[in-house]
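Structure at a glance
This is what each chain is made of:
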Amino acid sequence: MGEQKSDVLQGTLDLMVLKTLESMGPLHGYGIARRIEQVSGNSLSLNQGTIYPALLRLEQRGWIKSEWGTSETNRRAKFYSLSRAGRKQIEHETENWERIAATMARFLAPSS
Amino acid sequence: MGVLRVLLSRCRALFRSRNLDADLDAELRAHIELAMADNQRNGMSAEQARTAALRAFGGVTQTRETYRVQRGLPWLEQIARDVRFALRQLRRSPGFTLTAMLTLALGIGAVTSVFSVVHAVLLKPFAFRDPDRLVVLREAVDEAGAERIAIPDNYRHFLRLRNTATTIEDAAIFAQSGASVSPNGDHPHIVGAVVASPNLFRLLGVQPLLGRGFLDSDAQKGAAEVVVLSYDSWQTFFAGDPKAVGQTLRIDGQRATVIGVLPPGMQFPQIPLAPKTAFQETARDARLFEPAVPSERDLTTDMGGFNYKVIARLKPGVTMARASAELDALQKAYTLSAHLPLHLGIALTPLTEDVASGISGALWLLFAAVGAVLLIACVNLANLQLARAVNAEREIAVRAALGASRIQLVSSRFTESLVLALTGGAAGAVLAFAGVRLLLSLVPANVPRLDEVHLSTPVLLFAAGISMVAAVTFGILPALRGLRVNPQSALRANSMRAANSRQSSRARNLMVAAQLACTIVLLIVTSLALRSFSHLLRQNRGFNTSHITLAQTDLFEPQYDTDGSNGSALRLDFTDRALTALRQLPGVQSVALTSVAPLTGQTWVDNLIRPDHPVPTAKEPAINVRWINPEYVPTMQTPLVAGRNFTAADRANPYVALISQRTAREGFPGENPIGRTITNIVPDDTHTLPDDGHKVTVIGIVADARINGLKDNAAMVYLPYWAFPPFSLSFLVRSSGPSDALIPEMQRAIWQIDPQVAIPTFKSMDDQVSDSVATDRFQAIVLTSFGAAALLLALLGVYGVLAYSVSLRSQEFGIRIALGSGKSALVRLVLRQAAYPVLLGAGSGLAMAFVALRWVGSLLYQTPVLDPLAIGGSVVLLLAAAALAAVVPSCRAASIDPIRALRME
């Protein structure tokens, strides 16, 4: 799993997508992007387009699956859902993120 | 796991990219539509909704591009694009493509064919255990003031070294000879036999396929006769019967029990008795292996019986140098302590190198020559490619202006060369199948390991490698040119003028010069090889072979062997009857006898010992002994210089000798040898030379004859066969009819006397001469064809560059003509342009030749490397060819129609 562990932002986006799919169930790309914007309280400036390379990356690794379906507004759209490996990966990624966050927090804490 | 999965997914995507693109577009469209629908629900107009959706999305095109990069393998796609582009370019100029591929196919095919021989004969390790630890061990004579000479081994010395040396693991002693085998009572065949100490197979690490190898008890005196068969002879004599072990085979008239069969990969090499000197040896595949039972003499003599070869295995981690030093010191110490009259040392050579020592120089030379031909071909292609690159300058400029990176520009041009080289290489590998067969039909049959020559994996890998090297050689320069193109000026300039820039014409001239330099080196080497070969054939041999047919018979059957009985008398009887029978054949003028077939190497080598003129031991001149009949000298037309020939009257007292002029010079300096005696030369019935043996009187001197080999002018002593009837008889029949008709008659006549003698050789003496120089002829033929190819390529190279430059300058020439320039001036102009690279090439080629020739000298026979005729002839030939190549373009330059040339603009 040695690939791209340095890129924190990218890793963050991956985890956000996985977490979204975990809580919302199968969702299309637009839905995922909107959900991330809503949860972050629009404080994250996210080009919605960047979601697609991330989705492809996650699919290539086998963490999510995709299939064409019909949206709530009756449009054809590609729906993404978590795979079994993806569920496991969430735990791993969460742990990883928490560790990084904790480390960063220690750095940022006012020195006494 | 994860990495592999991503890679697989990316590879899959490569083949479905069109579908996937559509899929992505649909998904992105859906995204925008969903976003617009949301926005409209929030009260925006359709137009506003769309703008907002696109803004939130960011760049659609960038997303698509990032997505594609993430999806596929961009560098692979880039390569695929380059290859497609290259194929399109190549299709557009079929003439160039065909020429280039054909040149490369022939060049790479030739190099690969030669390499497959080089690989099998020189490079491939033997199929023994750890073959790089196996060495050939020979004794060496170290006399002060003389060159060190490696000689065969003495049995006693071998035993001592094997027991005392610490740098070697083990060593095996053996002799290689011919054995006569008659499986079902047929006429016997002679096959190669190895008589070896019982540890040979253990030393080599060879396990028998069936049965067992030798035990020490097999080599005890009086042990039952046993034999181990090679895989081939198991197939031949027992048709591959698995129950062959335990059966018997008649070898030299004795029944021997088969105890084992070797695996098919076990090819035991023919190892020369001594390097440099050719000895009469049966150069056949070793097909029978028998245990060596040392004779009493082997175990007791220090100064005779140097008849063996030894292979030793170094201990792991021991270097050649260390082993050499130890063995040499041991042997020197022994020589001193035993008060031997010779100074003996030990010389080691790696096994693979030793086996190929006779041919390696010639093969490497051919390899270098064919490599030079390929190089010349590549330079031709480089020139063509360069011209194309110049023509493509505008296109390159356009691509550079549109933002193509330098790497992309270089790689797209280089890909074209690579595509050419790889297709040419593949075709070359196919051609090499035929090439290998052609080479094998030319290679002399005595080259070792020829049966292992075929297109194996390493050979094909080599072909692939050489294709890549070729691509780099002819493709890199034109590709790099792309870098230097300045888009602005190239776009502005007329492409025709850009082509004529100083830089590119200098590059092309340099390439032609390099090509001519290689060609002249190759031409000089070729003409030296031809001079050497013609000298070898035309020098004074001291005998005349025309109308002579050779039949060699071997009396190895037990009834002719002595051991106290009347073997000598039986051999004498057979020889007399055979001579009489052959003389009575129709058309036969005379029948000569000699003990060893002519031109097969040195015979019985001994020292000339004179009772009236003692010389310290080992200082006596070495001589070759041949047993002949009185008709030998007149039949071979070797001039009698002094004294008289043998006559029938000598039969009563056969202890007389003829000596050659060299023997007279070296053995009897300043004396008249006639009437003098020599001793210690006629063996007794136990085949040893008694110290108190017969004294032999010199009765005549004959001219020196190169009867052992055309390159060998050994000192000879001829003795009448009555004195000691030899085991090997060569009948030389001079007749008026052709050999082909005579051979069956001779065979019938000999087998009428005894059907159980083997006749391994039957041919005309002219064929024997020709076979004896097979290596030199092979070298001459192959070098000549490579030299001719190089000359042709060079001619094309000079022509190509000049023709191209004339076609580019046709406008300029048109203007010159219009302004009143004479035609002869134009011809001179073009010729002058040609002269520069030709002279530069010829000059640097000569300089290169002087370096290269030092290395070639050892492959020539009595031909100085600075032979003026060879060098001068080559230079003249090259200049003539270059002039020929320059004539056509210069005439075309002179005949340009000024009006049409000016209109072309």
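Residues numbered from 1 in each chain as written. Chains lettered and ligands numbered in written order. Predicted model: local features only at pLDDT ≥ 70, side-chain atom pairs only at ≥ 80, totals over all residues. Heavy atoms only, no water.

1. Here's the deal with the overall build of chain B
Secondary structure assignment for chain B yields 29 helices and 23 strands. Relative to the globule expectation of 29 Å for 905 residues, the C-alpha radius of gyration of chain B, 38 Å, shows a markedly less compact shape. Evaluated residue by residue, chain B yields a buried proportion of 52% over its 905 residues. Considering chain B, the positive charge centre built from 84 side chains and the negative charge centre built from 71 side chains are found 16 Å apart. (Helix = DSSP H or I, 4+ residues; strand = E, 2+ residues; numbered from the N terminus. Rg over C-alpha atoms; globule rule 2.2 N^0.38 Å. Buried < 20%, exposed > 50% of the residue type's maximum accessible area, 1.4 Å probe, protein only. Lys, Arg positive; Asp, Glu negative; His and termini not counted. Charge placed at Lys NZ, Arg CZ, Asp CG, Glu CD.)

2. Re the confidence of the model for chain B
For chain B, per-residue confidence averages 86 on the pLDDT scale, and residues scoring 70 or more make up 94% of the total. Across the whole predicted complex the pTM is 0.77, and at the interface the ipTM reaches 0.84. (pLDDT = per-residue confidence, 0-100.)

3. Observations regarding empty space enclosed by the protein
Residue and element names in this part refer to chain B. Within the structure shown, the criterion is met by three cavities of 30 Å³ or more. Volume-wise, the largest cavity comes out at about 40 Å³. Secondary structure elements with two or more residues in the lining of the largest cavity: helix 19 (502-538), helix 25 (774-808) and helix 27 (823-856). When its residues are assigned to classes, the lining of the largest cavity shows seven nonpolar, one polar and no charged. (1 Å grid on protein atoms, 1.4 Å probe; cavity = no way out; pocket = protein on both sides within 12 Å on 5 of 7 lines; lining within 4 Å. Points joined across faces, edges and corners; volume = space filled by probe spheres on them. Nonpolar A, V, L, I, M, F, W, Y, C, P; charged D, E, K, R; others polar.)

4. Focus on unusual backbone geometry
Residues and elements named next belong to chain B. A positive phi angle, close to 50°, is found at A239, a residue other than glycine. Within the secondary structure, A239 sits in the loop between helix 9 (231-238) and strand 8 (248-251). Note on A239: relative accessible area 65%, which makes it exposed. One non-glycine residue, L599, adopts positive backbone phi at about 65°. With respect to the helices and strands, the residue L599 is situated in the loop between strand 14 (588-594) and strand 15 (604-607). The buried category is assigned to L599, whose relative accessible area is 7%.

5. Considering the pattern of salt bridges
When the charged atoms of two side chains lie near each other, side chains of opposite charge can form a pair. Residues and elements named next belong to chain B. Under the counting rule described, the total for this entry stands at 35 salt bridges over all chains. For R148, the salt bridge is made with D328, and the minimal N-O distance between the two is 2.7 Å. Separated by 180 residues along the polypeptide, R148 in the loop between strand 1 (134-141) and strand 2 (149-151) and D328 in helix 11 (residues 320-337) bring together distant segments of the chain. According to the relative accessible area criterion, R148 is partly exposed, its value standing at 36%. What makes D328 buried here is its relative accessible area of 14%. Put simply, E631 and R583 hold a salt bridge, and the shortest N to O gap is 2.6 Å. Here E631 is found in the loop between strand 16 (622-628) and helix 21 (632-636), whereas its partner R583 is found in helix 20 (residues 567-583), with 48 residues between them in sequence. The exposure class of E631 is partly exposed, given its relative accessible area of 22%. Here the residues in one salt-bridge network are D142, R148, D328 and K332, joined through shared partners. (Salt bridge = Lys/Arg side-chain N within 4 Å of Asp/Glu carboxyl O.)

6. A closer look at the interface of chain A and chain B
When the parts come together, some accessible area is lost, and that loss is often what is quoted as the size of the interface. The interface of chain A with chain B comprises 24 residues on the first partner and 26 residues on the second. Together, the buried faces of chain A and chain B total about 2,300 Å²; carbon and sulfur atoms form 58% of this surface. A per-residue breakdown of the area chain A buries against chain B is headed by Y30, Y52 and Q60 of chain A, which together make up 32% of the total. Between the two partners, chain A and chain B, sit two salt bridges. For the interface between chain A and chain B, the tally reads nine residue pairs in polar contact (both at pLDDT 80 or more). Among the secondary structure elements, those contributing two or more residues to the side of chain A that touches chain B are helix 2 (29-39), helix 3 (51-60) and strand 3 (76-82) of chain A. By residue number, the principal contributor to the side of chain A that touches chain B is helix 3 of chain A, which donates five residues. (Contact = heavy atoms within 4.5 Å. Buried area = accessible area lost by both parts, 1.4 Å probe. Polar contact = N/O pair within 3.5 Å; in protein donor to acceptor, adjacent residues only side chain to side chain.)

7. What about the layout of surface pockets?
Residue and element names in this part refer to chain B. Its boundaries defined by the atoms lining it, the second largest pocket holds a volume of some 920 Å³. Around the second largest pocket, the lining is made up of 39 residues, and of these T103, L106, G107, A789 and L793 lie nearest the centre. Of all the elements, helix 25 adds the most residues to the lining of the second largest pocket, at 13 residues. Of the residues belonging to the lining of the second largest pocket, the class tally is 26 nonpolar, 12 polar and one charged.

8. What to know about the nonpolar core
Core analysis: the biggest nonpolar cluster contains 98 residues, and V114, V121, L363, F367, F474 and F813 of chain B have the highest contact counts within it. Sorting elements by how many residues they give to this core places helix 13 (residues 360-391) of chain B first, with 17 residues. Setting aside residues no more than four positions away along its own chain, V121 of chain B makes contact with A356, I359, L363, V447, P448, R449, L450 and V453 of chain B. Counting 33 residues, the second largest nonpolar core, distinct from the first, contains V17, Y30, L58 and I90 of chain A. (Core = buried A, V, L, I, M, F, W, Y, C linked by side-chain atoms within 4.5 Å.)

9. What about the environment of A49 of chain B?
Residue and element names in this part refer to chain B. In this structure, A49 sits in helix 3 (residues 46-57). Sequence-wise, A49 and N39 are 10 residues apart; in three dimensions their C-alpha atoms are separated by 5.2 Å. Those residues in contact with A49 that sit more than four places away from it in its chain are M36, N39, Q40 and M44.

10. Re a positive patch on the surface
Residues and elements named next belong to chain B. A surface patch of positive charge is lined by R18, R81, R84, R88, R91 and R92. Element by element, the count of residues in the positive patch is highest for helix 5 (residues 74-92), at five residues. Looking at the secondary structure, you find R18 in helix 2 (residues 17-41). (Patch = residues over 30% accessible without salt bridge, like charges linked within 9 Å, V, L, I, M, F, W, Y side chains within 5 Å. Areas by Shrake-Rupley, 256 points an atom, 1.4 Å probe, with all protein chains shown as cover.)

11. Here we look at the packing of helix 3 of chain A against helix 4 (residues 60-71) of chain B
The geometry of helix 3 of chain A relative to helix 4 of chain B is characterised by a closest axis approach of 9 Å and an angle of 15° between their N-to-C directions. Relative to helix 4 of chain B, the element helix 3 of chain A is oriented roughly parallel. You can see that helix 3 of chain A and helix 4 of chain B cross each other, and the crossing is right-handed. Contacts from Y52, P53, L56, R57 and Q60 of chain A in helix 3 of chain A reach T63, T66, Y67, Q70 and R71 of chain B in helix 4 of chain B. (Axes fitted to C-alpha atoms, helices over the stretch in contact; angles between N-to-C directions. Parallel < 35°, antiparallel > 145°, perpendicular 65-115°, else oblique. Left-handed = near helix turned anticlockwise from the far one by under 90°.)

12. Here we look at the sheet that holds strand 2 (residues 64-70) of chain A
All names here are of chain A. Pairing within the open sheet is antiparallel, and its three strands lie in the order 1-3-2. Pairing within the sheet leaves two strands with one partner each, and these edge strands are strand 1 (27-28) and strand 2. Here strand 2 pairs with strand 3 via seven bridges, running antiparallel. Counted as the bridge partner of K65 is S81 from strand 3. (Pairing = 2+ DSSP bridges.)

13. Comments concerning a nonpolar patch on the surface
A cluster of nonpolar side chains, W97, I100, M104, F107 and L108 of chain A, forms an exposed patch at the surface whose accessible area comes to about 550 Å². Looking at the element boundaries, M104 of chain A is found in helix 4 (residues 84-108).

14. Re the side chain of T335 of chain B
All names here are of chain B. On the secondary structure map, T335 appears in helix 11. Judged by its relative accessible area of 4%, T335 is buried. Polar contacts involving the side chain of T335 include one to the main-chain carbonyl oxygen of Q331, which spans 2.6 Å. Aside from chain neighbours lying at most four places away, what touches T335 is L340, L342, H343 and L344.

15. Examining the packing of aromatic side chains
All names here are of chain B. Going through the model one piece at a time under the given rule, you end up with 17 aromatic pairs over all chains. The interplanar angle of 40° and the centroid separation of 6.0 Å between the aromatic rings of F367 and F462 together place this pair among those described as tilted. Here F367, found in helix 13, pairs with F462, found in helix 16 (residues 457-484); they are 95 residues apart in sequence, far enough to count as distant. Note on F367: relative accessible area 19%, which makes it buried. Looking at F462, the relative accessible area reads 18%, which means it is buried. With 5.9 Å between their ring centres and 65° between their planes, Y560 and F574 make a pair best called edge-to-face. (Phe/Tyr/Trp six-rings, centres within 6.5 Å; stacked < 30°, edge-to-face > 60°.)

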